[in-house]
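Survey of secondary and tertiary structure
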Amino acid sequence: MFQSFMSLLSPSNGSNATWREDIARELLTSTSCNLVLVARRKDRLQSFAAEHSSGLRAVEVVSMDLAQEGAARELYNILAAADLAEKIDVLVLNAGAAISGSFVEADMDALTASMHLNMVSPMQLARLIGQDMKVRNQLEPVHAVRGFEQKGHIVVVSSIASASPGVPHVAVYAASKAFLTSLGCALHQELASAGVCVTVSMPGATATEFSSVLGEEAALIFRIPPMVSQSRQVAHETVLAMLRRDSEHIIGPINWLYTAVGPLLPDSVVRHVGELAFRPPSHAQELFARVVQLAMSPAAITA
Ligand SMILES: NC(=O)c1ccc[n+]([C@@H]2O[C@H](COP(=O)([O-])OP(=O)(O)OC[C@H]3O[C@@H](n4cnc5c(N)ncnc54)[C@H](OP(=O)(O)O)[C@@H]3O)[C@@H](O)[C@H]2O)c1
């Protein structure tokens, strides 16, 4: 059986690797998957494919901008024409990007494109390929008892930003990840009876190109080494969560603590902490003072 994995990958050099490269490697070593990789930069896709293809394993690449309207359907049609769409066992919805800064001053087209990339394309791909997985499980029920490789898996890469009651200055990004987390957790339950397992991965700050794509001067959180996960660790934990068939997995103890303590605190405090993390260090002093003031003034918390 041809087994494949779709992700959005851009191999990069050195320690600042994007973690989809690591998640692809992780799947290459822990499963017998062939790969279909999707991203915009074709040269990087091709060099990764050249490095990892072998007689036993196929690595296909598709260069596409998933922030464009209709991209998911176009990608699905490309996969179907290559007789791949119905063979996908593991779908990793990983592409995502954040735009930071003032919401009202942001480029509206860029914000809308980011919603396509973070929400619409993943939702549509989950719908199109999830249906194929369900139909295949109905036609080939024998596969259901052989273990995960014969069943469908959908991995949704969200963020711990989705656990906050809004994150100022990355408002659209955090809202789009809240959508993804909600969607993925709902689908975990809805698709279980069809033999399709959906796992939501929730990383916090991770050393990738993401922080430079953020646009502003690097966000404070990326300047605090203990707060920044390594992409290989994130990929490893994500694949393990998928193999365990978890509904959601928060990466690392610090992020777990954030999501556990957050609901116990007033929303305004959590929002300020989120903003503090995502703003450049030049804003840190002022924001930190506001967090302390809020924490010490119950009246201000409800404001
Ligand atoms: N890094 C973090 O701190 C962090 C934290 C929490 C969650 N996450 C989430 O983790 C996921 C992976 O992020 P990352 O850290 O690996 O980011 P990254 O290093 O910026 O990588 C983004 C990847 O997505 C691809 N991509 C970006 N825009 C695309 C588009 N319009 N169409 C197709 N592909 C596109 C990029 O390849 P091309 O540029 O070649 O298209 C690249 O491979 C994202 O969903 C992100 O929201 C990251």
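Numbering of residues begins from 1 in every chain and follows the order in which that chain's sequence is written. With pLDDT at 70 or above as the cut-off, local features in this predicted model cover only qualifying residues; side-chain atom pairs require 80 or more to be listed or tallied, and sums for whole chains, interfaces and linings still use all residues.

With respect to the overall build of the protein chain
A run of H or I in DSSP counts as a helix once it spans at least four residues, and a run of E counts as a strand once it spans at least two, with each numbered from the N terminus. Looking only at helices and strands, the protein chain has 11 helices and 7 strands in total. The long-range fraction of contacts in the protein chain, counting pairs at least 24 apart against all pairs at least 6 apart in sequence, stands at 71%. A pair of residues counts as a contact when their C-beta atoms, built from backbone coordinates, are within 7 Å of each other.

Thoughts on the pairing of strand β6 (residues 196-202)
A large share of β6 lies buried, amounting to 7 of its 7 residues. Exposure is read from a count of other C-beta atoms within 10 Å of each residue's own; the residue is exposed at 12 or fewer, buried at 20 or more and partly exposed in between. C-beta atoms are placed from the backbone. Where burial is concerned, the two faces of β6 agree: the one with Val 196, Val 198, Val 200 and Met 202 and the one with Cys 197, Thr 199 and Ser 201 are both buried. Handedness of a crossover: with both strands directed away from the viewer, a clockwise path from the first strand across the helix to the second marks it as right-handed. This β-α-β element, strand β5 (residues 152-157) to helix α5 (residues 171-190) to β6, shows right-handed connectivity. Summarising the sheet, β6 and strand β7 (residues 248-250) pair through 3 bridges and their orientation is parallel. Looking at β7, one finds that Met 202 is bridged to Ile 250. Whether two strands pair depends on DSSP finding at least two bridges between them.

A short note on the pairing of strand β3 (residues 59-63)
Bridge count between strand β2 (residues 34-39) and β3: 5 bridges; the pairing is parallel. Within β3, the residue paired with Val 38 across the bridge is Val 62. This β-α-β element, β2 to helix α2 (residues 42-52) to β3, shows right-handed connectivity.

Concerning the environment of Phe 210
In this fold, Phe 210 is placed in helix α6 (residues 210-213). With 114 residues separating them along the chain, Phe 210 and Gly 96 place their C-alpha atoms 8.8 Å apart.

Let's talk about the confidence of the model for the protein chain
As a per-residue quantity, pLDDT reports the predictor's confidence and falls between 0 and 100. When pLDDT is averaged along the protein chain, the result is 85; 85% of the residues meet or exceed 70. Looking across the protein chain, the model is least confident in strand β1 (residues 4-7), with a mean pLDDT of 47, and most confident in α5, with 98. Across residues 1-5 the pLDDT falls below 50, and counting only partners more than four positions away or on other chains, this stretch makes 22 contacts in the model. Counting contacts from residues 144-149, a segment whose pLDDT is below 50, to residues more than four positions away or on other chains yields 9 contacts.

Here's the deal with helix α4 (residues 108-139)
Take the number of residues in a helix, subtract one, and multiply by 1.5 Å to get its expected span. Spanning 32 residues, α4 covers 45 Å between terminal C-alpha atoms, matching the ideal 46 Å at 1.5 Å per step. The angle between axes fitted to the seven residues ending at a residue and the seven residues starting there is what we call the bend at that residue. In the structure, α4 departs most strongly from a straight axis at His 116, where the bend amounts to approximately 40°.

Here we look at the packing of helix α3 (residues 71-81) against α4
Here, axes are lines fitted to C-alpha atoms. For helices the fit covers the stretch in contact, and angles between N-to-C directions go from 0 to 180 degrees. Put simply, α3 and α4 touch, their axes get as near as 8 Å, and they point 40° apart. The element α3 and its partner α4 pack so that their crossing is right-handed. Contacts between α3 and α4 involve Ala 71, Ala 72, Arg 73 and Tyr 76 from the former and Ser 121, Gln 124, Leu 125 and Leu 128 from the latter. Any residue that is not Ala, Val, Leu, Ile, Met, Phe, Trp, Tyr, Cys, Pro, Asp, Glu, Lys or Arg is counted as polar, Gly included; the first ten are nonpolar and the last four charged. Counted by class, the contact of α3 with α4 contains 5 nonpolar, 2 polar and 1 charged residues. By definition, turning the near helix anticlockwise from the far helix through less than a right angle yields a left-handed crossing, and turning it clockwise yields a right-handed one.

A closer look at the environment of Asp 22
With respect to the element layout, Asp 22 can be found in helix α1 (residues 19-30). Judged by C-beta crowding, with 23 C-beta atoms within 10 Å, Asp 22 ranks as buried.

Concerning the environment of Ser 182
With respect to the helices and strands, the residue Ser 182 is situated in helix α5. Taking the C-beta count within 10 Å as the criterion, Ser 182 has 13 such neighbours and is therefore assigned partly exposed. With 18 residues separating them in the primary sequence, Ser 182 and Val 200 have C-alpha atoms 9.1 Å apart.

Digging into α5
End to end, α5 covers 28 Å across 20 residues, agreeing with the expected 28 Å (1.5 Å per residue, within 8%). For α5, the complete set of buried residues consists of Val 172, Tyr 173, Ala 174, Ser 176, Lys 177, Ala 178, Leu 180, Thr 181, Gly 184, Leu 187 and His 188. Along its buried surface, α5 packs onto α4, β5 and β6.

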